[in-house]
Amino acid sequence: MVGATAKMNAMRSGVVVIGVLAFGYLNLHLGFKPYLEKAQLEQQRQEALLQAQSAAAQAQNNSDDGFHTAE
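Overview of the structure. (Residues numbered from 1 in each chain as written. Predicted model: local features only at pLDDT ≥ 70, side-chain atom pairs only at ≥ 80, totals over all residues. Heavy atoms only, no water.)

Within the protein, the secondary structure is distributed over one helix and zero strands. By the burial criterion, 0% of the 71 residues in the protein qualify as buried. Of the roughly 6800 Å² of accessible surface on the protein, a fraction of 64% belongs to carbon and sulfur atoms. (Helix = DSSP H or I, 4+ residues; strand = E, 2+ residues; numbered from the N terminus. Buried < 20%, exposed > 50% of the residue type's maximum accessible area, 1.4 Å probe, protein only. Areas by Shrake-Rupley, 256 points an atom, 1.4 Å probe, with all protein chains shown as cover.)

Shown next as structure tokens:
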């Protein structure tokens, strides 16, 4: 009888812990959502800027292929 009660208490504690973790996870996401979205948009903007700079540098290297005419 004691073993069954202990097992039931352990299972109940496990369910409570999982519930608390899920609640905490959702709470963090909802609480920090504006900051997370702002950071994500800034990261995407920086990546687009780096890609544009890389493309411009590549275009500059392609136009500067070493064939120059003497005047």
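More follows now that the structure is in view.
The next thing to look at is the packing of aromatic side chains. Applying the stated criterion across every chain yields a total of one aromatic pair. Judged by centre distance (6.4 Å) and plane angle (55°), the rings of F32 and Y35 are tilted. You can see F32 and its partner Y35 sitting in helix α1 (residues 2-63), three residues apart, about one turn around the helix. Classification of Y35 as exposed rests on a relative accessible area of 56%. (Phe/Tyr/Trp six-rings, centres within 6.5 Å; stacked < 30°, edge-to-face > 60°.)

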